[in-house]
Amino acid sequence: MRTLIKNGLVITASDELNADVLIEGETVAAVAATGSSVAEGWSADTVLDAAGLYVIPGGVDAHTHMELPFGGTAASDTFETGSRAAAWGGTTTIVDFAVQSVGKSLREGLDTWHAKAEGQCAIDYAFHMILADVTDESLKEMDGLVDEGVTSFKLFMAYPGVFYSDDGKILRAMQRGAENGGLIMMHAENGIAIDVLVEQALAQGKTDPRYHGEVRKALLESEATYRAIQLARVAEAPLYVVHVSAAEAVAELTRARDLGLNVFGETCPQYLFCSTDDLAKPDFEGAKYVCSTPLRPVEHQEALWRALRGDDLSVISTDHCPFCFVGQKELGRGDFSKIPNGMPGVENRMDLLHQAVVDGHISRRRWIELACATPARMFGLYPKKGTIAPGADADIVLYDPQGSYTMSAATHHMNVDYSAYEGKTVAGHSKTVLSRGRVIIDGGQYLGQTGHGRFTPRSTCQYLT
């Protein structure tokens, strides 16, 4: 089967070109300027007219948590519902997190997540591995996982008693990653100190959701970020810091990158578009915005945008980890520490970032770089994913930059009973979405199929300096 996309503005991280795109089977066969003799000679079984539309790579969301058990419940999106919602939002690849349980092997955790996802996804997917129990055995297992395409490992300086690793364990994992090519991802918050502040706040009767943000102080994010960077320097290993939210943490990343270190930062739409004002909403509504790292005062947002423009922050992912307000977030009524940590967003990311283009925060090519190309390069998926070029998977979005709409839980496709962006109007949406050459969204209709998405093994990080 051949598909021809005509008359669109093709936007990648490096170029903008009025071009036609020829697809053969599941991959891009050729790209040529619209009206050129080459493009005029093409024929196809299906022709998609992209006049007035952007033709962009499908989004790569490198940080999602489908079906994640947390705080006595589990994320409300399954791989089936979450991957379908991602497709509606113009994302065609997710990288989720398989979880090692303390006392168990990496293999057992990875096999569990393969079983959850296999045959369920609407789009292609890959896995990181959460390394919750650093032992001689699990360090050896890292080598085998890298060989089979699970090439990144997440550790936590937060959540003592659950995922927490001390500095010695972190250093050992980083040293192993330096040897086998695995990229260490870090949740950088000082969880030991945070637990003290949580206990003190609750003892003082401070139980509302807004105190979640107050105890998880920006200084404890920046301190942990600094410490992770120094450990990575000792190990001579690259480091990727997830969901950066605080200006102080950005400053540590900037300092490291100014030294030429392979240290990278990720942020998320919630830190760019939401703030502690949302956490402080009355009648427990603030619980909808509880995530970790927490939302910060709005003044932090300009530091994040500045870092995104200058590449001190290199990726925007969602950390999509939805919990319904009714029955899940409500577990923390009377005790903010029991509110499940996480927010929905996998469907919203591409449109929010296009709004950022309209608002002048970033350029169109930077939008694609942050949401498609760099996450693909960072996690060993490029150029199969993240670009439109001969040989790439035909994961392509025909994007309507004039397609204004208002975000709402009443119309989104995520399996969660609220929207973090309820009532926000954005300029643009995905009109047609192709996954490996197959149209899965078109004109407000879902044409995809459960199980179309494939597990995609990854190479090691392609973004190292």
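These numbers were taken from a predicted model, which means no experiment stands behind them. (Residues numbered from 1 in each chain as written. Predicted model: local features only at pLDDT ≥ 70, side-chain atom pairs only at ≥ 80, totals over all residues. Heavy atoms only, no water.)

**Some remarks on helix α9 (residues 247–258)**
For α9, spanning 12 residues, the distance from its first C-alpha to its last is 16 Å, which sits close to the expected 16 Å at 1.5 Å a residue. Within the sequence span of α9, burial applies to A249, V250, E252, L253 and A256. Around the axis of α9, the buried residues are gathered within 155° of arc, so they sit on the same side. Packing partners of the buried residues in α9 comprise α8 (218–235), β13 (239–241), β14 (263–267) and α12 (300–310). Positive backbone phi, approximately 85°, marks G260, located one or two places after α9. (Helix = DSSP H or I, 4+ residues; strand = E, 2+ residues; numbered from the N terminus. Expected span 1.5 Å × (residues − 1). Buried < 20%, exposed > 50% of the residue type's maximum accessible area, 1.4 Å probe, protein only. Arc of directions from axis to C-beta. Contact = heavy atoms within 4.5 Å.)

**Overview of the side chain of S83**
Looking at the secondary structure, you find S83 in helix α2 (residues 79–88). At 2.9 Å, the side chain of S83 and the backbone nitrogen of A122 are in polar contact. For S83, the residues in contact, after removing those within four places along its chain, are M66, T78, Q120, C121, A122 and I123. (Polar contact = N/O pair within 3.5 Å; in protein donor to acceptor, adjacent residues only side chain to side chain.)

**Digging into the packing of helix α5 (residues 167–180) against α8**
Between α5 and α8, whose axes approach to 9 Å, the crossing angle comes to 45°. Judged by the inter-axis angle, α5 sits oblique to α8. Seen from above, α5 lies across α8 with right-handed handedness. Residue-level contacts link D167, I170, L171, M174, Q175 and A178 of α5 to R227, A228, L231, A232, V234 and A235 of α8. (Axes fitted to C-alpha atoms, helices over the stretch in contact; angles between N-to-C directions. Parallel < 35°, antiparallel > 145°, perpendicular 65-115°, else oblique. Left-handed = near helix turned anticlockwise from the far one by under 90°.)

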